[in-house]
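# Tertiary structure, described
Residue-level listing of the chains:
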Amino acid sequence: MYDVSKIIDPCLFNQLLLLLPDPQQKKTGRHRCLKEALLFGILQVLINGVTWKKIIEDGASSSSCHRYFQELQRRGWPKGVFTQLQLKKTDLTLTASDTSTATSFRFRYGTGWDGKHRKIGTKISLLTDRGGLPADVVFGRGSIHDLHFLPSHLENTQGRRKRIINLDKGYTSLDLRRSLRNSGTRINMEMRTGDYTRKRGPKFGFDKEKYKARFLIEKCFGWLKAFKRIRLRVEFKLSSYKAFVYLALIIILLRN
């Protein structure tokens, strides 16, 4: 059998096996492949970035691994497991949010021109906790402004107390500050010259010490981009690309 430790830690591999559902077995036809072989093929695509046809077949063909990955996607397994894990492992009292654009072909859904980075891509917006672990993820076209992803993060994590959200200067919005302040959440961000020039009274405060947690989200994006399949979107269906991102975030949560 091929050595799994060459692409992932064996203990982490066993934890993923326990979370994986069993492949569906039809009443007629050949028996389903083992979960170990199917997961090994999927991880080759996610971590090494190889195509499905070029994976090392060890107990399961490339088509079997691809069908099982589609079955997991249809069941909603990647998103469901990520949601359960982040509830157990993250603390949202001190959070941070930022986006990154994954280069993509000009697909019909989920792609757009990112003028800042001057490329066509799919935006991945993360909400991380005080330790830099991912707590929520939102996807969108590359042309969408970063500010429009934050309401989705707040809605997805509704019911969990968020005292401080660290943001960069691109999230400057007076309406956003006021709405979050009414809900008991304070935005911690630096201000540029000319921001809120018409605001009367004292300016918004900025805590440099707590803003250090903002840089942990860059480390989280570094972990995410270590999975080569995430860097470049080659999946025509946005749902397939989302499933790969969720699987990568599950691995990040399990190993931290």
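The structure contained in this document is the topic of the report that follows. (Residues numbered from 1 in each chain as written. Predicted model: local features only at pLDDT ≥ 70, side-chain atom pairs only at ≥ 80, totals over all residues. Heavy atoms only, no water.)

## Points about the pairing of strand β1 (residues 94–104)
Note the following rule: Relative accessibility under 20% of the residue-type maximum defines a buried residue, over 50% an exposed one, and the middle range a partly exposed one, all with a 1.4 Å probe and only protein chains included. Where helices and strands are cited, they refer to DSSP runs of H or I of at least four residues and of E of at least two residues respectively, numbered from the N terminus. Being paired, for any two strands, means DSSP has found at least two bridges between them.
Extensive coverage of β1 is indicated by the burial of ten of its eleven residues. Note that β1 and strand β5 (residues 164–166) share three bridges and pair parallel. Paired with Thr 95 across the strands is Ile 165, a residue of β5. Taken together, the eight bridges between β1 and strand β3 (residues 119–128) define a ladder with antiparallel strand orientation. By the bridge assignment, Ala 102 is partnered in β3 with Thr 122. Of the strand pairs in this sheet, β1 and strand β7 (residues 232–233) are connected by two bridges, and their pairing is parallel. The residue of β7 that forms the bridge with Ser 104 is Arg 233.

## Some thoughts on the environment of Pro 21
Mapped onto the elements of the fold, Pro 21 is located in the loop between α1 (10–19) and α2 (35–48). Owing to a relative accessible area of 18%, Pro 21 belongs among the buried residues under this scheme. In this structure, the C-alpha to C-alpha distance between Pro 21 and Thr 83, residues 62 residues apart in sequence, is 16 Å.

## Observations regarding the packing of α2 against helix α10 (residues 238–254)
As a reminder, the rule being used: In this analysis, axes come from line fits to C-alpha atoms, helices being fitted only over the stretch in contact, and the angle between any two N-to-C directions falls in the range 0 to 180 degrees. Should an angle fall under 35 degrees it is taken as roughly parallel, and over 145 as roughly antiparallel, whereas 65 to 115 is taken as roughly perpendicular and any remaining angle as oblique. Every residue pair with non-hydrogen atoms within 4.5 Å of one another is taken to be in contact. Under the grouping applied here, Gly and all other residues not named as nonpolar or charged are polar, the nonpolar ones being Ala, Val, Leu, Ile, Met, Phe, Trp, Tyr, Cys and Pro and the charged ones Asp, Glu, Lys and Arg.
Taken N-terminus to C-terminus, the directions of α2 and α10 make an angle of 95 degrees; their axes are 11 Å apart at the nearest point. Between α2 and α10, the crossing angle belongs to the class labelled roughly perpendicular. Here Ile 42, Leu 43, Val 45 and Leu 46 of α2 come into contact with α10, specifically with Phe 244, Leu 247, Ala 248 and Ile 251. Its residues assigned to classes, the contact of α2 with α10 shows eight nonpolar, no polar and no charged.

## Overview of the nonpolar core
Condition: For the purposes of this section, nonpolar cores are sets of buried Ala, Val, Leu, Ile, Met, Phe, Trp, Tyr and Cys residues that join through side-chain atoms within 4.5 Å.
Membership of the largest hydrophobic core comes to 55 residues, with the highest contact counts inside it found for Ile 8, Leu 43, Leu 46, Val 137, Leu 224, Ile 230 and Val 245. Listed by contribution, the elements that provide at least two residues to this core are α1, α2, α3 (62–75), α4 (77–89), β3, β4 (134–141), α8 (216–225) and α10. Of all the elements, α10 adds the most residues to this core, at 13 residues. Leu 150, Ile 165, Leu 180 and Ile 187 belong to the second largest nonpolar core, which has nine residues in total.

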